[in-house]
Amino acid sequence: MRQTTTISAEDQAIATGFERFYELLRRLTPRSELSLTAASTLRRLERSGPHRLCELHAPEGVSQPAMTQLVTRLEKEGLARRGSDPADGRAVVVTITDSGREAVARRREGRTRALSALLEQLPAEDHAAIMAALPALEKLGDLLAENPN
């Protein structure tokens, strides 16, 4: 049985605001050697450590064969490394390399510089409101990580 959730006007406004902000971040992110999926995968490995290859595709919204191809490319570029899972030698574990961390940091720095230029144009109250919202946004991200479906 499927549960139906009532969508409030506030929830709709938040979703619309997130869409707009996502578009802004995409435009602010410097063009680099990393696709959105590659950058997201590397950030996931950076943030939460090594993952089995089979665990990476679903959160990124790609097929397992597509993720295998991506990891192969990241490995060839020296941004990620494959190894066997110590608990199950048949499973492949993917780890970010130091070069992968540097690529993520460069991308983040470029985006931060571009965003900073915009934030400087905001009134202090708006800047403070964005800062105040960050803990709630972190919790929202944690909820998604815990319940990806």
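Look a little higher up for the structure.
What counts as what
Residues numbered from 1 in each chain as written. Predicted model: local features only at pLDDT ≥ 70, side-chain atom pairs only at ≥ 80, totals over all residues. Heavy atoms only, no water. Helix = DSSP H or I, 4+ residues; strand = E, 2+ residues; numbered from the N terminus. Buried < 20%, exposed > 50% of the residue type's maximum accessible area, 1.4 Å probe, protein only. Contact = heavy atoms within 4.5 Å. Areas by Shrake-Rupley, 256 points an atom, 1.4 Å probe, with all protein chains shown as cover. Axes fitted to C-alpha atoms, helices over the stretch in contact; angles between N-to-C directions. Parallel < 35°, antiparallel > 145°, perpendicular 65-115°, else oblique. Left-handed = near helix turned anticlockwise from the far one by under 90°. Nonpolar A, V, L, I, M, F, W, Y, C, P; charged D, E, K, R; others polar. Pairing = 2+ DSSP bridges. Salt bridge = Lys/Arg side-chain N within 4 Å of Asp/Glu carboxyl O. Patch = residues over 30% accessible without salt bridge, like charges linked within 9 Å, V, L, I, M, F, W, Y side chains within 5 Å.

Turning next to the overall build of the chain. Scanning the chain from N- to C-terminus turns up six helices and three strands. Going from the N terminus to the C terminus, the chain shows its helices and strands as α-α-β-α-α-β-β-α-α. For the C-alpha atoms alone, the extent of the chain along its principal axes is close to 55 × 45 × 20 Å. Across the 149 residues that make up the chain, the buried fraction comes to 23%. Taking as baseline every contact in the chain between residues at least 6 positions apart, the subset at least 24 positions apart corresponds to 53%. Just so you have it, the chain exposes about 10,800 Å², and 55% of that area is on carbon and sulfur atoms.

One can describe the packing of helix H2 (residues 36–48) onto helix H5 (residues 98–119) by two numbers: an axis separation of 10 Å at closest approach and a directional angle of 115°. Between H2 and H5, the angle is such that the two are roughly perpendicular. The handedness of the crossing between H2 and H5 comes out as left-handed. In contact with Leu36, Ala39, Leu42, Arg43 and Glu46 of H2, H5 contributes Gly100, Arg101, Val104, Arg107 and Arg108. Here the residues of the contact of H2 with H5 are counted per class, giving four nonpolar, one polar and five charged.

Looking now at the sheet that holds strand E2 (residues 80–85). The strands that make up a sheet are held in pairs by hydrogen bonds between backbone atoms, and each pair lies either parallel or antiparallel. With respect to topology, three strands assemble into an open sheet ordered E1-E3-E2, the strand pairing being antiparallel. Two strands bound the open sheet, and with one partner strand each, they are strand E1 (51–52) and E2. Where E1 and strand E3 (residues 88–96) come together, two bridges link them in antiparallel fashion. Opposite Arg52, over in E3, you have Val93 as the bridge partner. Strands E1, E2 and E3 of the sheet are contacted by H2, whose axis makes an angle of about 100° with E3.

Here Ala133 is to be found in helix H6 (residues 124–146). Placed 65 residues apart in sequence, Ala133 and Thr68 show a C-alpha to C-alpha distance of 36 Å.

In this section: the pattern of salt bridges. All chains considered together, the criterion is met by five salt bridges. Notably, a salt bridge pairs Arg73 with Glu77, separated by 3.3 Å at the nearest N-O pair. Of the residues examined, Arg73 reaches a relative accessible area of 32% and is grouped as partly exposed.

Moving on to the pairing of E2. As defined by bridge partners, E2 adjoins E3 across six bridges and the pair is classed as antiparallel. Its bridge partner being in E3, Ser84 is matched across the sheet by Val92.

A surface patch of nonpolar side chains, amounting to about 770 Å² of accessible area, comprises Ile14, Phe18, Leu122, Ile130, Met131, Leu134, Leu137, Leu140 and Leu143. Of all elements in the fold, only helix H1 (9–28) and H6 reach the threshold of two or more residues within the nonpolar patch. Among the elements that line the nonpolar patch, the one with the most residues is H6, at six residues. Relative to the helices and strands, Leu140 is located in helix H6. Residue Leu140 is classed as partly exposed on the basis of its relative accessible area of 42%.

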